[in-house]
Amino acid sequence: MQACFPIPIPSGKRPARAASAARVGFTASPPPLSPSRCLPDSRAAWSQCCLPGFPSNAPCRTAQRPPPCGLPRPAGLPPACLRRLPPPPSPRQPMAGPCSARLQGEAAAFTAALRTLVNNPQFSDVTFVVGQEQQKVFAHRCVLACRCQAFQGMLGQGPAGSEDSPSSIPPQGPFILGNVQPEVFLAVIEFLYTNSVTLNSHIALEVLTSSVEYGLQDLCKLCVKFIKDTLSVEQVCEALQAAVTYGQADLQQHCLAFIEGCTAAVVQTQGFHELSDVVLARVLRSDRLAVDELDLVQAVREWAHVSSAVLERPVPEVAALPVRELRLPLLAPSELVTLESHNQRDLLIPAESIAAAWRSHALRKGSGVPSRLCRPRRGTRPRDHHRHLDPHAK
């Protein structure tokens, strides 16, 4: 360590305390450090406190004087030019491990390549005989099994009477599928290969049925979207029947809203006459049907005769549930007389329901009948006695 010398001061002007300090050459101990002033890097603190402009080769006469920061000089460091200390080395960065990523190519090209395998006999290892036409459809077991659990179970069963395990001898077919149209089955196969499907209004509902049977939820969603986008007067009742049968609540609401907007046209379609009694009763509960009640009674009568012929059951039996939703108190007295005469021929409406309608006219209020049967629908023509059926009318 270089020697440090005290600065000479004339003896005549030196105070007693100053002389005492000069004899020891600024060797007084620095004040104790406060924990709050202890910096993590004392070298940097000393370099900041070094006198600017001090020559690096000159003896440091202030090395023993504590710097303003209050930190002691680091041991083993020369007192000269502490400002030139190199920066502390940066921490060593750990070496990165091996990187991996899953990259996806062009999906359209992949789909187009797989589409060429649909119903392609080349490399096919399973055959289906579909429809009454007995059309052959060629497929690949590995694709069907990995995409559909129903096909996995079908293809994993061994031949009848085989002693080997079912998975060791997968059947080659042909599998007979006589209750499905070839076009519908090919649409299902197309979806399994390409995750897309080509639909039209003639097969959409049947493809929806097949998607439910095979447990293909994604195909079911595609069918529901197509049906909603292409709904028509001729097909709305058939779509509603399928939606109720397969529990598609969203499609049910969409079909009901469509029927409410054009009820007069819908009740004339063949699909309306083919509705089940449960679905028809659900339609008749709506307050927003755009048709008069007298026309609605006539539509239900025609539906009942068609259902009676198809099911080979009496008209009153097949129509028991929907007839409960007819709002007979909305009809005028003259209309009730005509209704009674027609009812004597087919007994469509129970006599108790007609009697309750007459009672509401006699008492000028809807007593004895459910309140919903006294509410006019959106398409109900106004009649004079309707003001007596309103519970809020005075």
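Just so we're clear, the structure is a prediction, and the values are computed from it rather than from any experiment. (Residues numbered from 1 in each chain as written. Predicted model: local features only at pLDDT ≥ 70, side-chain atom pairs only at ≥ 80, totals over all residues. Heavy atoms only, no water.)

Draft legend 1. Representation of the environment of Lys221 within the structure. Relative to the helices and strands, Lys221 resides in helix H8 (residues 217-229). With 27 residues separating them along the chain, Lys221 and Gln248 place their C-alpha atoms 9.6 Å apart. (Helix = DSSP H or I, 4+ residues; strand = E, 2+ residues; numbered from the N terminus.)

Draft legend 2. The arrangement of a negative patch on the surface in detail. Side chains of Glu183, Glu206, Glu238 and Glu274 sit close together on the surface and give a patch of like negative charge. Inspection of the secondary structure puts Glu238 in helix H9 (residues 236-245). (Patch = residues over 30% accessible without salt bridge, like charges linked within 9 Å, V, L, I, M, F, W, Y side chains within 5 Å. Areas by Shrake-Rupley, 256 points an atom, 1.4 Å probe, with all protein chains shown as cover. Salt bridge = Lys/Arg side-chain N within 4 Å of Asp/Glu carboxyl O. Lys, Arg positive; Asp, Glu negative; His and termini not counted. Charge placed at Lys NZ, Arg CZ, Asp CG, Glu CD.)

Draft legend 3. Just the pairing of strand S2 (residues 135-139), in detail. By the bridge criterion, 5 bridges tie strand S1 (residues 126-130) to S2 in an arrangement that is antiparallel. Bridged to Val130 within S2 is Gln135. The turn linking S1 back onto S2 is made up of 4 residues, and Gly131 within it adopts a positive phi angle of 75°. (Pairing = 2+ DSSP bridges.)

Draft legend 4. Main features of empty space enclosed by the protein. Under the criterion given, the structure shown has 3 cavities of 30 Å³ or more. The computed volume of the largest cavity comes to approximately 50 Å³. Forming the boundary of the largest cavity are Cys237, Ile259, Thr263, Val266, Val267, Phe272, Leu275, Val283, Leu284, Leu289 and Leu296. Secondary-structure elements contributing two or more residues to the lining of the largest cavity are helix H11 (263-266) and helix H13 (277-284). (1 Å grid on protein atoms, 1.4 Å probe; cavity = no way out; pocket = protein on both sides within 12 Å on 5 of 7 lines; lining within 4 Å. Points joined across faces, edges and corners; volume = space filled by probe spheres on them.)

Draft legend 5. Layout of the pattern of salt bridges. By the definition in use, this model includes 15 salt bridges. Among the salt bridges present, the one from Asp292 reaches Arg381, with a minimum N-O distance of 3.1 Å. Here Arg381 lies in the loop between helix H18 (351-363) and helix H19 (386-389) and Asp292 lies in the loop between H13 and helix H14 (293-311), a separation of 89 residues in the sequence. Arg381 sits in the partly exposed class, given a relative accessible area of 39%. Between Asp346 and Arg301 there is a salt bridge, with its nearest N and O atoms 2.5 Å apart. Here Asp346, found in helix H17 (residues 333-346), pairs with Arg301, found in helix H14; they are 45 residues apart in sequence, far enough to count as distant. This pair shows no difference in class: Asp346 is buried, exactly as Arg301 is. Here the salt bridges share partners, and the residues they tie into one network are Asp292, Asp295, Glu335, Arg381 and Arg383. (Buried < 20%, exposed > 50% of the residue type's maximum accessible area, 1.4 Å probe, protein only.)

Draft legend 6. Here's a closer look at the sheet that holds strand S3 (residues 175-177). If you trace the 3 strands from one edge of the open sheet to the other, you get S2-S1-S3, paired in mixed fashion. Single-partner strands in this sheet number two, and they are S2 and S3. Across this sheet, the average inter-strand angle for adjacent strands is 30°, counted without regard to direction. Lying on the sheet, helix H6 (residues 182-194) is in contact with S1, S2 and S3; it crosses S2 at an angle near 5°. (Axes fitted to C-alpha atoms, helices over the stretch in contact; angles between N-to-C directions. Contact = heavy atoms within 4.5 Å.)

Draft legend 7. Representation of a nonpolar patch on the surface in the model. A cluster of nonpolar side chains, contributed by Val306, Val310 and Leu311, occupies part of the molecular surface with about 260 Å² of accessible area. Residue placement: Val310 occurs in helix H14. Take Val310: its relative accessible area is 63%, and that puts it in the exposed class.

Draft legend 8. Focus on the nonpolar core. The biggest cluster of nonpolar side chains holds 75 residues, and the ones touching the most others in it are Phe128, Leu144, Phe185, Leu192, Leu328 and Ile349. Excluding residues within four positions of it along the chain, Phe128 makes contact with Gln135, Lys136, Val137, Ala139, Leu144, Phe151, Met154, Phe175, Leu177 and Phe185. Core analysis: the second largest hydrophobic core is formed by 5 residues, Leu330, Ala356, Val369 and Leu389 among them. (Core = buried A, V, L, I, M, F, W, Y, C linked by side-chain atoms within 4.5 Å.)

Draft legend 9. Local environment of the packing of aromatic side chains. Counting across every chain of the model gives 5 aromatic pairs. When the centroid spacing of 6.3 Å and the interplanar angle of 65° are considered together, the rings of Phe151 and Phe185 count as edge-to-face. Of this pair, Phe151 sits in helix H5 (residues 149-155) while Phe185 sits in helix H6; the two residues are 34 residues apart in sequence, bridging distant segments of the chain. On the basis of relative accessible area, Phe185 is assigned to the buried category, the value being 1%. Just above the ring of Phe191 sits the side chain of Arg147; from NZ or CZ to the centre is 5.2 Å. (Phe/Tyr/Trp six-rings, centres within 6.5 Å; stacked < 30°, edge-to-face > 60°. Lys NZ or Arg CZ within 6 Å of the ring centre and 35° of its normal.)

Draft legend 10. Quick look at unusual backbone geometry. Of note in this structure, Asn119 is not a glycine but carries a positive phi near 55°. Mapped onto the secondary structure, Asn119 falls in the loop between helix H3 (107-115) and S1. When its relative accessible area of 26% is taken as the criterion, Asn119 is described as partly exposed. Phi at Phe123 is positive, roughly 65°, even though this residue is not glycine. As for its position among the elements, Phe123 is in the loop between H3 and S1. Look at Phe123 and you get exposed, because its relative accessible area is 67%.

Draft legend 11. Seen up close, the confidence of the model for the protein chain. Mean pLDDT over the protein chain: 82, with 70% of residues reaching 70 or higher. pLDDT under 50 marks residues 12-28. Its contacts with residues more than four places away, or in other chains, come to 7 contacts. Segment residues 49-56 is flagged for pLDDT under 50; beyond a separation of four residues in sequence, or across chains, it makes 17 contacts in the model. (pLDDT = per-residue confidence, 0-100.)

Draft legend 12. Highlighting the pairing of S1. Most of S1 sits inside the fold, with 5 of its 5 residues counted as buried. Going residue by residue along S1, you find Val126, Phe128 and Val130 tucked away on one face and Thr127 and Val129 tucked away on the opposite face as well. Pairing geometry for S1 and S3, over 3 bridges, is parallel. Looking across to S3, one finds that Val130 is bridged to Leu177.

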